[in-house]
Amino acid sequence: MTRIRCYPVPISHSSLITCPKPPGHRRIRKILACFIAFCLICGIGQAYSLENATSEDRFLVGTKLFLNADSGSGTTSGGSSGSGGGSSTAVLLWTSRFPAAVTAVDIRADGAVVVVGTADGNVTHLNSSGTTLWTVPSGDPVSAVGIADDGNGIVAGTGDRLMMLDAGGHVIWTVDAKSRTLGAGISPDGNHCAAGTIAGDLLVTDNRGGVLQKILLESAVNTVAVGSEGKFVTAGTENGTIRLLGAEGDVLWTHDAGSAVQSVSMTGDGTIIGAGTGGGAVVMLDGEGKGGTVWTAASAANAVHLDADGSTLGTGTSGGYAYLMNGAGLRTWQYGRMKNIDGKNCAVTGIALSASADYLVIGSDNRNVYYFAFTSRLPPTVMKEPEPAAPPSAGEGAHASMRTTPAAGVAVAEALTPQEAPGFCAAACLGALAVVAASRRRGR
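Residues numbered from 1 in each chain as written. Predicted model: local features only at pLDDT ≥ 70, side-chain atom pairs only at ≥ 80, totals over all residues. Heavy atoms only, no water.

Peer 1: Before we move on, could you go through the overall build of the protein and cite the residues and values that matter?
Peer 2: Looking only at helices and strands, one finds 3 helices and 33 strands in the protein. Every one of the 444 residues in the protein was classed for burial, and the buried ones make up 50%. In the protein, the proportion of contacts linking residues at least 24 apart, taken out of those at least 6 apart, comes to 49%. Surface summary for the protein: the accessible area is close to 20,200 Å², and the carbon and sulfur share equals 56%. (Helix = DSSP H or I, 4+ residues; strand = E, 2+ residues; numbered from the N terminus. Buried < 20%, exposed > 50% of the residue type's maximum accessible area, 1.4 Å probe, protein only. Contact = heavy atoms within 4.5 Å. Areas by Shrake-Rupley, 256 points an atom, 1.4 Å probe, with all protein chains shown as cover.)

Peer 1: An account of the side chain of R161 is needed here, citing residue identities and associated values.
Peer 2: By the element assignment, R161 lies in strand β11 (residues 161-165). In terms of polar contacts, R161 uses its side chain to reach the backbone carbonyl oxygen of S138, at 2.6 Å. If sequence neighbours within four positions are ignored, R161 has contacts with S138, D140, A156, T174, V175, A177 and T181. (Polar contact = N/O pair within 3.5 Å; in protein donor to acceptor, adjacent residues only side chain to side chain.)

Peer 1: Account for the packing of aromatic side chains, naming residues and giving values.
Peer 2: Tallying each qualifying case throughout the model produces 9 aromatic pairs. Ring centres of Y335 and Y370 lie 5.6 Å apart, and the angle between their planes is 55°; this geometry places the pair in the tilted category. Residue Y335 is located in strand β28 (residues 331-336), and its partner Y370 is located in strand β31 (residues 368-373); the two are separated by 35 residues in the primary sequence. Both residues of the pair, Y335 and Y370, count as buried. A centroid spacing of 4.8 Å and a plane angle of 65° characterise the contact between Y335 and F372, whose relative ring orientation is edge-to-face. With Y335 in strand β28 and F372 in strand β31, the pair connects residues that are 37 residues apart, well separated along the chain. The residues Y335 and F372 share a single accessibility class, namely buried. (Phe/Tyr/Trp six-rings, centres within 6.5 Å; stacked < 30°, edge-to-face > 60°.)

Peer 1: Please give an account of the sheet that holds strand β5 (residues 102-107) that cites residues and values.
Peer 2: An order of β5-β6-β7-β8 is seen for the 4 strands of this open sheet, with the pairing classed as antiparallel. If you trace the sheet from one side to the other, it starts and ends with β5 and β8 (132-137), each paired once. Here the average twist between neighbouring strands, direction ignored, is 15°. Taken together, the 5 bridges between strand β7 (residues 122-127) and β8 define a ladder with antiparallel strand orientation. (Pairing = 2+ DSSP bridges. Axes fitted to C-alpha atoms, helices over the stretch in contact; angles between N-to-C directions.)

Peer 1: Please provide a residue-by-residue account of the sheet that holds strand β23 (residues 281-286), values included.
Peer 2: Strand order in the open sheet formed by 4 strands is β21-β22-β23-β24, with antiparallel pairing between adjacent strands. Looking along the sheet, the strands with just one partner apiece sit at the ends: β21 (261-266) and β24 (291-296). On average, each strand axis in the sheet is tilted by 20° relative to the strand beside it, whichever way the strands run. In this sheet, strand β22 (residues 272-277) lies alongside β21 in antiparallel orientation, the contact comprising 5 bridges. Counterpart to M266 in the pairing with β22 is I273.

Peer 1: So, the pairing of strand β26 (residues 312-317): which residues are in play, and what are the values?
Peer 2: For β26, the tally of buried residues reaches 6 of 6 residues, placing the bulk of the element in the interior. Side-chain alternation along β26 places T312, G314 and G316 on one buried face and L313, T315 and T317 on a second face that is also buried. The pairing of strand β25 (residues 301-306) with β26 spans 5 bridges and is classified as antiparallel. Bridging across to β26, A301 finds its partner in T317. In textbook terms, the turn of a hairpin is the stretch between consecutive antiparallel strands, and for β25 and β26 this stretch comprises 5 residues, one of which, G310, has a positive phi near 80°. Bridge count between β26 and strand β27 (residues 322-326): 5 bridges; the pairing is antiparallel. Directly across from T315, in β27, lies its bridge partner Y323. Hairpin geometry of β26 and β27 is characterised by an intervening segment of 4 residues between the two adjacent antiparallel strands and by a positive phi of about 95° at G320.

Peer 1: Can you explain the confidence of the model for the protein? Please cite residues and give values.
Peer 2: For the protein, mean pLDDT is 79; residues scoring 70 or higher make up 67% of the total. Residue range residues 2-7 is modelled with pLDDT below 50. Its contacts to residues more than four positions away, or to other chains, number 6 contacts. Considering only residues more than four positions removed or in separate chains, one finds that residues 11-19, a stretch of pLDDT under 50, has 7 contacts. (pLDDT = per-residue confidence, 0-100.)

Peer 1: Explain the nonpolar core to me, and be specific about the residues and the numbers.
Peer 2: W333, Y335, L360, I362 and F372 are the most contacted members of the largest nonpolar core, which totals 18 residues. The set of elements that each furnish at least two residues to this core consists of β27, β28, β29 (348-353), β30 (359-364) and β31. A per-element tally of this core places β29 first, with 3 residues. Within the second largest apolar cluster, 17 residues are counted, among which are V113, V115, L165 and V382. (Core = buried A, V, L, I, M, F, W, Y, C linked by side-chain atoms within 4.5 Å.)

Peer 1: Would you mind going over unusual backbone geometry in detail, with residue names and values included?
Peer 2: Cis geometry marks the peptide bond from G336 to R337, where omega comes out at 5°. Here R337 is to be found in the loop between β28 and β29. The backbone of K178 shows a phi angle near 75°, a positive value even though the residue is not glycine. Its place among the elements puts K178 in the loop between β12 (171-176) and β13 (181-186).

Next comes the structure, spelled out in structure tokens:
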């Protein structure tokens, strides 16, 4: 002990001398630092690893999202030439090529899955990475498809039938429409479906395939859209009329669009209706049928689709261009022109927006489907959970053959659930534990 003059208490030598740290201390700190870095790198690498790159310049990212550089089949631009208004910027996440022309597309409300109908009669279910989950052959060209907001109900118009499938690709029921179906739709809640036929019939069904209404209109029904709980149905006909019908099949109003109505879309509450015509007119109407043409394309407006609140309308044309526009018809984004592998111009045959307009899918008769993101957030995705292959029983052999094409090579998933990118959370926890351990070590 040492007493310093004028200091009231003795001072210990040990409190004045800094003890040298053992030689292994720095080594332990370095090991801990390396371990933390390793954990974080492994986690991020698992969530964002680049693997399974294909010859089409695609890159697989964590949730199996393909970031696909534009291959020259079209060009993207934001804004509208001389029209004012806002502008949108999109990233083409992936392109998927099919054996036959794409005739119809739809997207789940959250963007997690895409449904595609093709001219060779297949209904295909893809996740938001472009991975095929299942394919169901229907036997006839698919004219239209629709998917409920939760993805558990999928409707398709094929041949002279309206067909409903579940999220696993199982055919739940079919309804004989008596003539070729041209349009098909499903309500956001999945409880009501509708189909339009070349004979002019509008059929409304429940989610068990029971026909609730069969209404004869004066012309072929090219396109239909169904509101929430089936309270409203919009029908567009070959003679150029747009009709809004109530739950009992009563016509609430009729609007003359001037030429054959190729596509209709409406919000769940029926307050906003969008339509595209063979003459290129893009029509916007309110729930009372008031409104009119907001923009005219240089070619037929083959496909339209509204987001959940009706603030954004996607439009695809026979000239091979896709557009986004606001309710006033001001274009905020465009993509085109669509071409086939021989460089010939092709039409947009289907377009669909997620509920929030963050994700957009386009189908073309060049056999391609394009998936765009208007946000930096990765879309949620659905992963396939394979089930053991088992021979079908005698009673369900016909339905089993409808579940998937032979090329798929795996059984259809019974349960399809949204998945997050793996690895990062676990790695962050390990890193946090390592930091705590290092802090405690240092405290000693």
